[in-house]
Amino acid sequence: MMSETTKNLAAGGCYCGALRYTAQLDGPVAGQCHCRACQHIAGGGPQYFHLVSPTGFQWHRGQPAQFRHPLPDTPVTRSFCGTCGTHILTQRSDQTALVLKVGTLDDPSGFVPRVAICFDEAQPFHTIADGLPTFDGIPRAK
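Numbers given to residues run from 1 along each chain, matching the order in which its sequence is written. A pLDDT threshold of at least 70 governs which residues receive local features in this predicted model, and a stricter bar of 80 or more applies before side-chain atom pairs are shown or counted, although totals over entire chains, interfaces and linings include all residues. Each side-chain value is derived from all of the structure's non-hydrogen atoms; neither hydrogens nor water enter the calculation.

**What about the overall build of the chain?**
Across its full length, the chain carries 2 helices and 10 strands. Helix and strand assignments follow DSSP, with helices taken as H or I runs no shorter than four residues and strands as E runs no shorter than two, numbered in order from the N terminus. Along the chain, helices and strands appear, N-terminal first, in the series α-β-β-β-α-β-β-β-β-β-β-β. Taking 14 Å as the expected radius of gyration for a compact globule of 142 residues, we find that the chain reaches 15 Å, a close match to that expectation. Expressed along its principal axes, the backbone C-alpha trace of the chain runs to roughly 40 × 35 × 30 Å. Counting the 142 residues in the chain, one finds 39% classified as buried. Considering only residue pairs separated by 6 or more positions, the chain has 52% of its internal contacts joining residues 24 or more positions apart. Accessible surface, the chain: about 8400 Å² in total, of which carbon and sulfur atoms supply 55%. Each charge sign in the chain was given a centre, from 11 positive and 10 negative side chains, and these centres are 6 Å apart. Put simply, the radius of gyration uses C-alpha atoms, and a globule should come to 2.2 Å times the residue count raised to 0.38. Only protein chains enter the accessibility calculation, which uses a 1.4 Å probe; a residue whose area is less than 20% of its type maximum is buried, one above 50% is exposed, and one in between is partly exposed. Should any heavy atoms of two residues lie within 4.5 Å, those residues are considered in contact. Throughout, the Shrake-Rupley method with a 1.4 Å probe supplies accessible areas, and for residues the shown protein chains are the sole cover considered. Only four residue types enter the charge count, namely Lys and Arg as positive and Asp and Glu as negative; His and the chain termini do not. Charged side chains are reduced to one point each, which is NZ for Lys, CZ for Arg, CG for Asp and CD for Glu.

In structure tokens:
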């Protein structure tokens, strides 16, 4: 029988294979971010993400390059492949969870966004599923 801890363990990596990781996908927050920074990273569309605990994430091959933009009020550190450029993680300075990019999972087919955030920055061509809750900014835990 598969344990709850093992059941939600997912593997992934970058496009060229230089970076490989495993992540525990047991957190409740999965969604799509429409902020301008994510649009830059995604080439125009939103970023699809799953929040993961730092203790539930482990690099198995390679070490990512990192970039931290100096200007935003809430700076983030972006971890990506220095060879192919695939963006894998974002870490916000105001939260402990890691923002894992769903497209880097070996099998992203089971992903279901539960929320659309920063929707006030969405472009007219961005689409969301009917009934998906939207937030103009980033919702804060109560």
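**Some remarks on the environment of Pro28**
The topology assignment puts Pro28 in the loop between strand S2 (20–24) and strand S3 (30–33). Judged by relative accessible area, which is 65%, Pro28 ranks as exposed. Between the C-alpha atom of Pro28 and that of Leu51, which follows or precedes it by 23 residues, the distance is 7.8 Å.

**Focus: the nonpolar core**
Core analysis: the largest hydrophobic core is formed by 17 residues, its most contacted members being Phe57 and Leu100. The set of elements that each furnish at least two residues to this core consists of S2, strand S8 (87–92) and strand S9 (98–101). Excluding residues that lie within four positions of it along the chain, Phe57 makes contacts with Tyr21, Thr22, Ala23, Val52, Leu89, Leu98 and Leu100. The criterion is simple. A nonpolar core is a set of buried Ala, Val, Leu, Ile, Met, Phe, Trp, Tyr and Cys residues joined through side-chain atoms within 4.5 Å.

**Regarding the sheet that holds strand S1 (residues 9–13)**
For two strands to be treated as a pair, DSSP must find at least two bridges joining them. Spatially, 3 strands are ordered S1-S2-S5 in an open sheet, and the strand pairing comes out antiparallel. Single-partner strands in this sheet number two, and they are S1 and strand S5 (57–61). Here the strands of the sheet are splayed against their neighbours by 25° on average, with no regard to which way each runs. With 4 bridges joining them, S2 and S5 adopt antiparallel strand pairing. For every element, the axis is a line fit to its C-alpha atoms; helices are fit only across the contacting stretch, and the angle between N-to-C directions ranges from 0 to 180 degrees.

**Digging into the sheet that holds strand S10 (residues 115–117)**
A sheet is described by the order of its strands in space; here 7 strands give the open sequence S6-S7-S8-S9-S4-S3-S10, paired in mixed fashion. Unpaired on one side and paired on the other, strand S6 (65–68) and S10 mark the two borders of the sheet. In this sheet, adjacent strand axes meet at a mean angle of 30° when their direction is disregarded. With 3 bridges joining them, S8 and S9 adopt antiparallel strand pairing. From the neighbouring strand, Leu89 faces S9, where its bridge partner is Leu100.

**Comments concerning the confidence of the model for the chain**
The predictor reports its confidence for every residue as pLDDT, a score running from 0 up to 100. Here the chain averages 90 in pLDDT, and 94% of its residues register 70 or above. Every residue in residues 1–5 is under pLDDT 50, and counting partners more than four places away or in other chains gives 3 contacts.

**Quick notes on the pattern of salt bridges**
Should their charged atoms come close, side chains of opposite charge can pair. We define a salt bridge as a contact between a side-chain nitrogen of Lys or Arg and a carboxyl oxygen of Asp or Glu at a distance within 4 Å. Within this structure, the stated rule accounts for 2 salt bridges. Residue Arg20 pairs with Asp106 through a salt bridge whose shortest N-O separation is 2.7 Å. One end of the pair, Arg20, is in strand S2; the other, Asp106, is in the loop between S9 and S10, with 86 residues separating them in the sequence. Residue Asp106 is classed as partly exposed on the basis of its relative accessible area of 48%.

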